[in-house]
Amino acid sequence: MIRNTHKSNKNAKRLAACLVPLLLMGGCSMFRGSSKPAPQPASNGMSVVFPARDSATFKEGTFVSLDNLRRVIPGLTKPQVYDLLGAPHFHEGVFGVHTWNYIFNFRTGRGNEYITCQYQLHFDKDMKTDAGNWDKRECADLVYPRPAPSTPPPAAAA
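Each chain carries its own residue numbering, running from 1 in the direction its sequence is written. Where totals are concerned, whole chains, interfaces and linings use all residues; where local detail is concerned, this predicted model gives features only for residues with pLDDT of at least 70, and gives and counts side-chain atom pairs only at 80 or more. Side-chain measures here rest on the full set of heavy atoms in the structure, leaving out hydrogens and waters.

The buried label applies to any residue whose accessible area, calculated with a 1.4 Å probe on protein chains only, is under 20% of its type's maximum; exposed applies above 50%, and partly exposed to all values in between. Only DSSP runs of H or I covering at least 4 residues are called helices, and only runs of E covering at least 2 are called strands; the numbering of each starts at the N terminus. The buried fraction of strand S5 (residues 114–123) is high, at 9 of 10 residues. Sheet analysis places strand S4 (residues 99–107) next to S5, joined by 9 bridges and oriented antiparallel. Looking at the pairing, arginine 107 lines up with tyrosine 114 of S5. Pairing between strands is defined by DSSP: at least two bridges between them are needed. Hairpin connection from S4 to S5: 6 residues lie between these consecutive antiparallel strands, with glycine 109 at a positive phi of about 95°. Of the strand pairs in this sheet, S5 and strand S6 (residues 129–134) are connected by 5 bridges, and their pairing is antiparallel. Following the sheet pairing, phenylalanine 123 is matched in S6 by threonine 129. The antiparallel hairpin formed by S5 and S6 contains 5 residues in its connecting segment, where methionine 127 sits at a positive phi of about 60°.

As a further point, take the pattern of salt bridges. Here, a salt bridge means any side-chain nitrogen of Lys or Arg that lies within 4 Å of a carboxyl oxygen of Asp or Glu. By the definition in use, this model includes 5 salt bridges. One salt bridge in this structure joins arginine 146 and aspartate 141, with 3.1 Å as the shortest N-O distance. The class for arginine 146 is exposed, based on a relative accessible area of 51%. Taking the relative accessible area as the measure of exposure, aspartate 141 reaches 21% and is therefore partly exposed. Within this structure, Arg137, Asp141 and Arg146 form a network of salt bridges that share partners.

Across the protein chain, pLDDT averages 75, with 69% of residues at or above 70. Values of pLDDT, ranging from 0 to 100, describe the predictor's confidence in every residue of the model. Model confidence for the protein chain, summarised as mean pLDDT per element, is weakest for helix H1 (residues 5–25) at 40 and strongest for helix H3 (residues 78–85) at 96. Contacts are assigned to residue pairs that have any heavy atoms within 4.5 Å of one another. Across residues 5–44, confidence stays below pLDDT 50; counting only partners more than four residues off in sequence or on other chains, it has 53 contacts.

Our focus in this paragraph is the environment of aspartate 130. Structurally, aspartate 130 can be placed in strand S6. Aspartate 130 sits 32 residues away from histidine 98 along the chain, and the two C-alpha atoms are 10.0 Å apart.

Here it is as structure tokens:
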């Protein structure tokens, strides 16, 4: 039996090209999943499309430190984000990728109840963070609570 070693070598090279980035940081540079949710308006004027949760590597999400999320500001590098939030939860990869997506769980304060939110970070042309977007407003409010409305001072007596 004669094997086509040229074809086997080609397939091995293709496999290695995909596995090396996977081993380095979590996947080839692509989104997976067939259903795409409707775009959301982003803080930087771009439209944001969150990937389907069933295509995530951490479908159940992770509990992240609110302090670490508050430290994610414009101008961070990917290693700095990785240190604060960990690897992205989808198959984005690292090199040449301008978007990382996460699924985070936040405790509500009512027993073991929690809500699950998707967070998307965008990296600019220099691969530094320039925008972060949430899939729901209530998620952003958990990280950055809005100030409570102040009560007006009592009216002066006539």
